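Structure at a glance
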Amino acid sequence: MSSYVGVLVSDQWLQSQFTQVELRSLNSKFVSVKNQNGKVTVGDLPPLMVKLKAFSALLTEDEIRLILGESYGDMSSEIDFETFLRVYLNMQGQATGKLGGPKNSSSFLKASTTTLLHTISESEKASYVTHINIYLADDPFLKQFLPLDPATNDLFHLAKDGVLLCKLINVAVPGTIDERAINTKRVLNPWERNENHTLCLNSAKAIGCTVVNIGTQDLVEARPHLVLGLISQIIKIQLLADLNLKKTPQLVELVEDSNADVEELMGLAPEKVLLKWMNFHLNKAGYEKTVANFSSDVKDGKAYAYLLNVLAPEFCNPLTLDTKDPVERAKLVIDHAERMGCKRYLSPKDITEGSTNLNLAFVAQIFHERNGLSTDSKKISFAERMTDDVQISREERCFRLWINSLGIESYVNNVFEDVRTGWILLEVLDKVAPGSVNWKHASKPPIKFPFRKVENCNQVVKIGRQLKFSVVNLGGNDIVQGNKKLIVAFLWQLMRFNMLQLLKSLRSRSRGKEITDADIMNWANRKVKSTGRSTQIESFKDKSLSTGLFFLELLSAVEPRVVNWNLVTKGESDEEKRLNATYIISVARKLGCSIFLLPEDIMEVRMRLF
């Protein structure tokens with residue numbers, strides 16, 4: 001395993017901003033400017049950075065020196081490699097801002113909140129402010145600040161203490177954050193504010209947001225493009241939450257009755273399901289085109305006219321299709337939607353300009369108000385049978401969120417479907433075991449020939465064997481065929497390897513020694529004992545863990561201020577255990593832990609998730 005250790009940094013967030021190729025290259029450049037004493041100063045950076053491809057055509061050496069001077073008063077200050085990486089990211093922002101910024105991604109789930117373009121969409125801001133005013137109007141803490149005025153920057157000012165973002169996450173996915181863990185004083189000190197933002201970012205990651213290249217300081221400063229990007233993702237996760245068979249089994253009407261078709265539907269991204277639903281109704285309405293996106297394909301308003309007419313014919317206006325003017329048609333579409341209770345997210349201008357985010361939100365709202373799907377009990381029963389394995393569902397969720405948190409290029413919507421090409425597993429392996437993948441022998445989707453998928457998956461199994469994973473009964477074809485039991489077994493080992501590598505990189509005393517479960521348990525027991533408490537565990541299967549008390553004592557040992565013992569129960573009943581478990585997860589996230597388990601996993605002492 002040691003042969004695959006790449007360039008590691010102690011800050012997980014910072015590590016996620018770079019590929020191993022970039023880290024190796026930057027580390028080499030950093031080492032090259034060390035002086036005779038093995039040190040690098042701020043003053044050494046301008047001549048180095050102006051030669052880097054990312055800045056050479058955009059910033060001069062003098063501009064770089066000026067930017068560094070604003071952050072560092074003393075150019076002779078020594079810096080380490082991690083500081084250099086942070087300087088690099090900041091400089092990248094300056095360079096990109098000068099260039100004009102990257103183009104927006106069309107997929108909100110993969111759309112990074114890290115766009116460095118320092119302009120925002122006023123239409124999007126206004127729509128999201130309206131959403132917040134509606135859904136958080138009755139919140140005991142926030143109602144004193146609401147409603148917000150979309151014409152001002154009140155949204156960004158309110159977001160500075162982290163409470164709004166945490167509350168919004170709980171609206172999107174109820175129960176994600178134990179609100180007892182949110183610091184909600186009228187005036188927060190810097191430590192309390194940082195706790196809230198740390199809790200926010202780790203919780204956002206846990207519900208499926210992409211939060212690479214955004215840190216707590218960005219939220220403290222309420223950088224508008226980053227805050228709006230994060231809010232956009234949170235709101236859209238809420239709007240698309242019901243676009244799956246578990247929440248809306250009526251979606252089975254979109255496919256034939258075969259298992260394969262239903263499984264394919266289960267593996268689609270939420271926005272793809274929304275498009276499939278839209279085209280299903282457009283086809284019934286006689287619309288001849290297929291809508292493939294929420295931008296150019298809906299700009300003329302015709303698709304909306306057909307969709308609304310088939311879903312709510314009682315509000316139909318014949319002029320909608322007769323008019324030749326797209327702007328006038330968009331107005332009539334909005335009028336029709338308003339009579340259905342669906343106006344909230346966009347204006348006629350947003351339709352004609354093809355605003356992807358707002359159009360997607362608009363269609364999602366239409367789906368919520370009136371999905372027009374069958375209530376055929378036989379079909380619904382069939383769909384429910386396809387999604388009734390609670391344990392597998394929990395494990396899929398855990399792996400999906402963990403993989404997406406790694407910052408790989410691909411985005412996972414359904415683990416068991418998306419890993420079948422082998423490509424995503426290769427990306428994960430390359431992330432957690434840098435240099436392990438032979439990309440020359442890998443095929444990137446879409447893959448036409450089935451044997452290419454098997455080749456990818458065979459390489460996955462081969463690397464797993466090299467990493468000392470137990471793969472005795474696993475073959476590449478098992479992954480291609482979607483064998484859930486074997487895929488779960490492999491992913492558990494892969495996730496555990498990643499966590500142990502992180503621990504190993506942080507524990508200099510290990511001197512390359514592999515860290516075992518016993519090492520982790522002994523450390524935890526010692527840490528708790530050092531605070532004067534007597535609670536100890538014998539293994540990660542110890543039933544006493546179900547009360548949550550040991551975990552809370554451990555978290556308190558790491559940071560005494562983080563646990564409010566007045567909120568902790570004795571853990572004697574199931575309800576008391578649940579209260580402790582939800583509190584544990586939020587407290588851990590406040591400390592900066594990336595956690596993807598559920599309260600039930602703690603209560604049931606599911607050892608592999610600890």
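The model shown is predicted, which means the values in this text are computed figures rather than measured ones. (Residues numbered from 1 in each chain as written. Predicted model: local features only at pLDDT ≥ 70, side-chain atom pairs only at ≥ 80, totals over all residues. Heavy atoms only, no water.)

**Quick notes on unusual backbone geometry**
- Across the junction of Leu 146 and Pro 147, the peptide omega takes the value 5°, indicating a cis bond.
- Residue position: Pro 147 is located in the loop between α7 (122–135) and α8 (154–159).
- In this chain, Pro 445 is followed by Pro 446 through a cis amide linkage whose omega measures 0°.
- Along the chain, the position of Pro 446 falls in the loop between α23 (423–432) and α24 (450–466).
- For Ala 222, which is not glycine, the phi torsion reads 55° and is therefore positive.
- Structurally, the position occupied by Ala 222 is in the loop between α11 (216–220) and α12 (224–239). (Helix = DSSP H or I, 4+ residues; strand = E, 2+ residues; numbered from the N terminus.)

**Structural notes on the environment of Leu 254**
- Relative to the elements of secondary structure, Leu 254 occurs in the loop between α12 and α13 (259–266).
- Considering only alpha carbons, one finds Leu 254 and Met 278, 24 residues apart in sequence, at a separation of 10.0 Å.
- Apart from residues lying up to four places away in sequence, Leu 254 is in contact with Val 273, Lys 276, Trp 277, Phe 280 and Leu 373. (Contact = heavy atoms within 4.5 Å.)

**Let's talk about the packing of helix α10 (residues 190–206) against helix α29 (residues 574–590)**
- Their axes nearest at 7 Å, the elements α10 and α29 cross at an angle of 115°. The orientation of α10 relative to α29 falls into the category roughly perpendicular. At the point where α10 passes α29, the crossing takes the right-handed sense. Contacts between α10 and α29 involve Glu 195, Thr 198, Leu 199, Asn 202, Ser 203 and Ala 206 from the former and Ser 586, Arg 589 and Lys 590 from the latter.
- Per-class residue counts for the contact of α10 with α29 are 2 nonpolar, 4 polar and 3 charged. (Axes fitted to C-alpha atoms, helices over the stretch in contact; angles between N-to-C directions. Parallel < 35°, antiparallel > 145°, perpendicular 65-115°, else oblique. Left-handed = near helix turned anticlockwise from the far one by under 90°. Nonpolar A, V, L, I, M, F, W, Y, C, P; charged D, E, K, R; others polar.)

**A closer look at the nonpolar core**
- Core analysis: the biggest nonpolar cluster contains 110 residues, and Leu 230, Leu 274, Trp 277 and Met 278 have the highest contact counts within it.
- Top element by residues in this core is α12. It accounts for 9 residues. (Core = buried A, V, L, I, M, F, W, Y, C linked by side-chain atoms within 4.5 Å. Buried < 20%, exposed > 50% of the residue type's maximum accessible area, 1.4 Å probe, protein only.)

**Some thoughts on a nonpolar patch on the surface**
- There is a patch of nonpolar side chains on the surface, built from Trp 523, Val 558 and Leu 591 and spanning about 250 Å² of accessible area.
- Here Trp 523 lies in helix α27 (residues 517–529).
- With a relative accessible area of 39%, Trp 523 lands in the partly exposed category. (Patch = residues over 30% accessible without salt bridge, like charges linked within 9 Å, V, L, I, M, F, W, Y side chains within 5 Å. Areas by Shrake-Rupley, 256 points an atom, 1.4 Å probe, with all protein chains shown as cover. Salt bridge = Lys/Arg side-chain N within 4 Å of Asp/Glu carboxyl O.)

**What to know about the packing of aromatic side chains**
- Within the structure shown, the criterion is met by 13 aromatic pairs.
- With a centroid separation of 4.8 Å and 70° between ring planes, the pair formed by Phe 399 and Trp 492 is classed as edge-to-face. Residue Phe 399 is found in helix α21 (residues 390–405), and its partner Trp 492 is found in helix α26 (residues 484–506); the two are separated by 93 residues along the sequence. Trp 492 shares its class with Phe 399; the two are buried.
- Taken together through their ring pairs, the aromatic side chains of Phe 30, Phe 81 and Phe 84 make up a single cluster.
- Its guanidinium or amino end placed over the ring of Trp 565, Arg 533 lies 4.4 Å from that ring's centre, counting from NZ or CZ.
- Above the ring of Trp 191, the side-chain terminus of Arg 561 is found at 3.7 Å from the ring centroid. (Phe/Tyr/Trp six-rings, centres within 6.5 Å; stacked < 30°, edge-to-face > 60°. Lys NZ or Arg CZ within 6 Å of the ring centre and 35° of its normal.)

**Things to note about helix α15 (residues 302–311)**
- By the criterion of burial, α15 is predominantly enclosed, with 7 of the 10 residues buried.
- Ala 303, Tyr 304, Ala 305, Leu 307, Leu 308, Asn 309 and Leu 311 are the residues of α15 that are buried.
- Where α15 is buried, its residues meet α14 (270–285), α16 (319–322), α17 (326–340), α18 (348–352) and α19 (356–369).

**Let's talk about the pattern of salt bridges**
- This structure, assessed with the given rule, holds 21 salt bridges.
- Across the pair Arg 223 and Asp 218 runs a salt bridge whose closest N-O atoms are separated by 2.8 Å.
- Classification of Arg 223 by relative accessible area gives partly exposed; the value is 25%.
- Across the pair Glu 396 and Arg 400 runs a salt bridge whose closest N-O atoms are separated by 3.0 Å. Here Glu 396 pairs with Arg 400, and both are found in helix α21, just 4 residues apart, close to one helical turn.
- Through salt bridges with shared partners, a single network forms among Asp 139, Lys 167 and Glu 179.

**Focus: the packing of α15 against α17**
- The interhelical angle for the contact between α15 and α17, taken along N-to-C directions, is 30°, at an axis separation of 9 Å. By the angle between their directions, the pair α15 and α17 is classed as roughly parallel. For the pair α15 and α17, the sense of crossing is left-handed. Facing Lys 302, Tyr 304, Ala 305, Leu 308 and Asn 309 of α15, the residues of α17 in contact are Arg 329, Val 333, His 336, Ala 337 and Met 340.
- For the contact of α15 with α17, the class distribution of residues is 6 nonpolar, 2 polar and 2 charged.

**Observations concerning a negative patch on the surface**
- On the surface, Asp 325, Glu 328, Asp 335 and Glu 338 cluster together into a patch of negative charge.
- With respect to the element layout, Glu 338 can be found in helix α17. (Lys, Arg positive; Asp, Glu negative; His and termini not counted. Charge placed at Lys NZ, Arg CZ, Asp CG, Glu CD.)

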